[in-house]
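# An overview of the molecular structure
The residues making up each chain are set out below.
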Amino acid sequence: MSFGVKDLFDIKGKVALISGAAGGLGTVASKGLAEAGAKVMLSGRNEKTLKELAGQIKQAGGACDYCVGDPTTHEDVKNVVAATKKAFGGIDILIPIAGFNKPGPIIEQPLEEWQSIIAANLKGTYLFCKEAGKVLIEQQRGGKVILISSTRSELGMANYSGYSPAKGAINLLAKTLAAEWGPHKINVNALAPTVFRTPLTEWMWGDAKVYENFLRRIPIGRLGEPEDFLGSLIFLSSKASDFITGAILYADGGYTAC
Ligand SMILES: NC(=O)c1ccc[n+]([C@@H]2O[C@H](COP(=O)([O-])OP(=O)(O)OC[C@H]3O[C@@H](n4cnc5c(N)ncnc54)[C@H](OP(=O)(O)O)[C@@H]3O)[C@@H](O)[C@H]2O)c1
């Protein structure tokens, strides 16, 4: 008797749509999923970085295309979703990675800055779910949606009055859509990293004092490297996670454990 264990993590031929594809975690996700045999649609606001990334993926033998679009603009997201459908015939995996943070004390941070943090993290994720969700449901072949949260979705931090609530809302969006789309066999989970070494967090790992402070709180004893993101991502993209939905998976070296 065989359980088909060898194929549990197989995502060959699946179509993955990734926003913020050219960022630190986005680049690893895009290259990693392409290496695993998925057809990847890269999306972001900057044509130059997307084109470069697409070139690297193709040179390594991967299948991909790119579409420029701002994840916070509804028309752009509609275009990206339409381009994915046109290029690859549908969508199997949605990973809206785009997001950013600008810490600041609530009493000083301009409202517009707070709104831009909420928009990049929450509105962009919402819009991709809204538009790609229509395709996933219409296709009637199930699907995997992986929302990008953060350990800050659960833990507060001074000067994070935009970022933490936005990521907390992403956790609840994952649970909400898990309930809404379960009947369509669409799994919706959130992946919550701690500090990974990317441009977003350079202000932390680039400062010896802040860096040491974080390290002390991570039982595994190191920050996340972008490649650490991949195992959880492939797991949540594949058959291996077919019975997991509405979960928040912490890729955090134990940061939230203690
Ligand atoms: N690195 C970490 O330690 C860490 C920890 C927890 C959670 N995360 C989350 O993981 C995701 C990726 O982070 P990262 O570390 O890869 O950061 P990154 O290297 O700075 O990349 C972020 C991506 O988001 C897009 N983006 C940035 N600001 C935006 C804005 N105002 N509006 C729309 N799109 C914007 C950028 O896309 P363009 O190409 O369009 O500029 C960029 O590719 C984010 O959602 C972040 O919150 C990261």
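Residues numbered from 1 in each chain as written. Predicted model: local features only at pLDDT ≥ 70, side-chain atom pairs only at ≥ 80, totals over all residues. Heavy atoms only, no water.

## Concerning the sheet that holds strand 4 (residues 93–96)
Taken in spatial order, the seven strands make up an open sheet running 3-2-1-4-5-6-7, and their pairing is parallel. Among the strands making up the open sheet, the edge pair consists of strand 3 (63–68) and strand 7 (248–251). Each adjacent strand pair in this sheet contributes to an overall mean axis angle of 20°, direction not counted. Relative to strand 3, strand 2 (residues 39–44) is paired through six bridges, and the arrangement is parallel. Bridging across to strand 3, Gly 44 finds its partner in Val 68. (Pairing = 2+ DSSP bridges. Helix = DSSP H or I, 4+ residues; strand = E, 2+ residues; numbered from the N terminus. Axes fitted to C-alpha atoms, helices over the stretch in contact; angles between N-to-C directions.)

## Remarks on the pattern of salt bridges
One pass over the full model with this rule turns up ten salt bridges. Between Lys 85 and Glu 138 there is a salt bridge, with its nearest N and O atoms 3.3 Å apart. With Lys 85 in helix 3 (residues 74–88) and Glu 138 in helix 4 (residues 111–139), this pair connects stretches of sequence that are 53 residues apart. Classification of Lys 85 as partly exposed rests on a relative accessible area of 36%. Across the pair Arg 197 and Glu 225 runs a salt bridge, and its minimum N-O distance is 3.0 Å. Of the two residues, Arg 197 is situated in the loop between strand 6 (186–193) and helix 6 (202–205) and Glu 225 in the loop between helix 7 (208–216) and helix 8 (228–237); the sequence distance between them amounts to 28 residues. (Salt bridge = Lys/Arg side-chain N within 4 Å of Asp/Glu carboxyl O. Buried < 20%, exposed > 50% of the residue type's maximum accessible area, 1.4 Å probe, protein only.)

## As for the environment of Gly 156
Considering the arrangement of structural elements, one finds Gly 156 in the loop between strand 5 (143–148) and helix 5 (163–181). Judged by its relative accessible area of 65%, Gly 156 falls in the exposed class. Measuring from C-alpha to C-alpha, the distance between Gly 156 and Lys 239 comes to 34 Å, with 83 residues separating the pair along the chain.

## A short note on the site of the ligand
The immediate surroundings of the ligand are formed by 27 residues, with Gly 24, Arg 45, Tyr 163, Phe 196 and Thr 198 found nearest. One of the backbone N or O atoms of Ile 97 is found 2.8 Å from an oxygen atom in the ligand. Between the ligand and Lys 167 there is a distance of 3.0 Å, counted from an oxygen atom to a side-chain nitrogen or oxygen. For the ligand, whose accessible area on its own is 880 Å², the fraction buried by protein is 88%. Contributions of two or more residues to the shell around the ligand are made by helix 1 (24–35), helix 4 and helix 5. When grouped by side-chain class, the residues that make up the shell around the ligand number 14 nonpolar, eleven polar and two charged. (Near = heavy atom within 4 Å. Polar contact = N/O pair within 3.5 Å; in protein donor to acceptor, adjacent residues only side chain to side chain. Areas by Shrake-Rupley, 256 points an atom, 1.4 Å probe, with all protein chains shown as cover. Nonpolar A, V, L, I, M, F, W, Y, C, P; charged D, E, K, R; others polar.)

## Some words on the packing of helix 1 against helix 8
Between helix 1 and helix 8, the least distance of the axes is 10 Å, while the angle of their chain directions is 55°. The orientation of helix 1 relative to helix 8 falls into the category oblique. Regarding helix 1 and helix 8, the two cross each other, and that crossing is right-handed. On the side of helix 1, the interface is formed by Leu 25, Val 28, Ala 29, Gly 32 and Leu 33, while helix 8 contributes Phe 229, Leu 230, Leu 233, Ile 234 and Ser 237. Taken together, the residues that form the contact of helix 1 with helix 8 break down as eight nonpolar, two polar and no charged. (Parallel < 35°, antiparallel > 145°, perpendicular 65-115°, else oblique. Left-handed = near helix turned anticlockwise from the far one by under 90°. Contact = heavy atoms within 4.5 Å.)

## Thoughts on unusual backbone geometry
Of note, Gln 140 is a non-glycine position whose phi angle comes to about 55°, a positive value. Mapped onto the secondary structure, Gln 140 falls in the loop between helix 4 and strand 5. The backbone of Asn 159 sits at a positive phi, close to 75°, despite the residue not being glycine. Its place among the elements puts Asn 159 in the loop between strand 5 and helix 5. For Asn 159, a relative accessible area of 37% puts it in the partly exposed group.

It is worth stressing that arrangement in space is one thing and function is another; only the former is reported here.
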